[in-house]
Amino acid sequence: MNTTQPKDIKRMLLILLALFFGGVVPIQLVTLSTGYAQLVMGKIKGPEMIMTAHQLAGWYIPFVYIPAILGLIIIAWYCKTHYPDIFRRIVIGFGIGVLATVGLDFFRQMAVIYKWLPGDTPEMFGMIATGSKNFAWYYSVGFLIHFLNGANFGLIYAFVWGKRSSYKSAIGWAVAWATLVEIGMMTAPPMEPMVGPFGIDYAWPQLFLSTLIAHIAFGIILGIGVQYFLKDSDRRWFWSFLLGKSN
């Protein structure tokens, strides 16, 4: 009788739940909320779009977003003792994702200053999440969501790619991942309905180039950081990591 099978199934379930709670669920807050406002209700931009998006975010945050973050914390706490390889990918991916967002923000803020972006990302996120007109409150919440988004994208990278064979490979894959995120941002709510694909209806090509450079910076920092902190035993792509196979 194979006594290791239940442990393997538990490990696979924890990996999938951590990826779902720490990636898919939190990242979809803004896309689903603005998609509901823009594509379903026809509120493309402005205060009406913000408040319509808040209608969905108002229940998504307490019933989906916060429980998912708490679920990720519980999984990380459990894995610290029982599955340290999962714990490392959660903590390192999440933490380096936050750090990489700082690098991204340097270029994003420049685009805001020069008005190449239609607004300040944390401000929009915060108003959608809170529905409040209190700047200190909604900007603080939006700032938190913005950095959590970066952390969530970092966690996905760490889970899917792990430690690569070299820093060059890590940077290449991380930049590819960040570029994919950039393409998604440029072709999905909230950006595409407001400014057209890749910003062609707003500030072309400045909007696209500034956000692309910001995401490339994000990818470079993410790749270097995850590569540095993960162990040699973490040199596994997602499928091998999920199945517990060595390279």
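For the structure, check the block above.
Residues numbered from 1 in each chain as written. Predicted model: local features only at pLDDT ≥ 70, side-chain atom pairs only at ≥ 80, totals over all residues. Heavy atoms only, no water.

(A) Molecular detail of the side chain of R236. Considering the arrangement of structural elements, one finds R236 in the loop between helix 8 (206-229) and helix 9 (238-243). Within the structure, the side chain of R236 is placed 3.2 Å from the side chain of D85, a separation counted as a polar contact. (Helix = DSSP H or I, 4+ residues; strand = E, 2+ residues; numbered from the N terminus. Polar contact = N/O pair within 3.5 Å; in protein donor to acceptor, adjacent residues only side chain to side chain.)

(B) Just the layout of surface pockets, in detail. As a volume, the largest pocket reaches approximately 1000 Å³. Around the largest pocket, the lining is made up of 42 residues, and of these T121, F125, M185, P190 and M191 lie nearest the centre. For the lining of the largest pocket, the secondary-structure elements that each account for two or more residues are helix 1 (5-40), helix 2 (47-82), helix 3 (84-113), helix 4 (121-130), helix 5 (135-161), helix 6 (167-187), helix 7 (191-195) and helix 8. Taken together, the residues of the lining of the largest pocket sort by class into 26 nonpolar, 12 polar and four charged. Of the volumes computed, that of the second largest pocket is approximately 150 Å³. I61, Y65, I66, I69, L70, A129, V141, L144, I145 and L148 are the residues that line the second largest pocket. (1 Å grid on protein atoms, 1.4 Å probe; cavity = no way out; pocket = protein on both sides within 12 Å on 5 of 7 lines; lining within 4 Å. Points joined across faces, edges and corners; volume = space filled by probe spheres on them. Nonpolar A, V, L, I, M, F, W, Y, C, P; charged D, E, K, R; others polar.)

(C) A look at the pattern of salt bridges. One pass over the structure, following the stated rule, counts seven salt bridges. Of the charged contacts, one joins D120 and R108 as a salt bridge, the two residues approaching to 2.6 Å between their closest N and O atoms. Of this pair, D120 sits in the loop between helix 3 and helix 4 while R108 sits in helix 3, and the two are 12 residues apart along the sequence. Like D120, the residue R108 is buried in the burial classification. Between R235 and D232 there is a salt bridge, with the nearest N and O atoms lying 3.1 Å from each other. Exposure remark for R235: the relative accessible area of 30% places this residue in the partly exposed category. (Salt bridge = Lys/Arg side-chain N within 4 Å of Asp/Glu carboxyl O. Buried < 20%, exposed > 50% of the residue type's maximum accessible area, 1.4 Å probe, protein only.)

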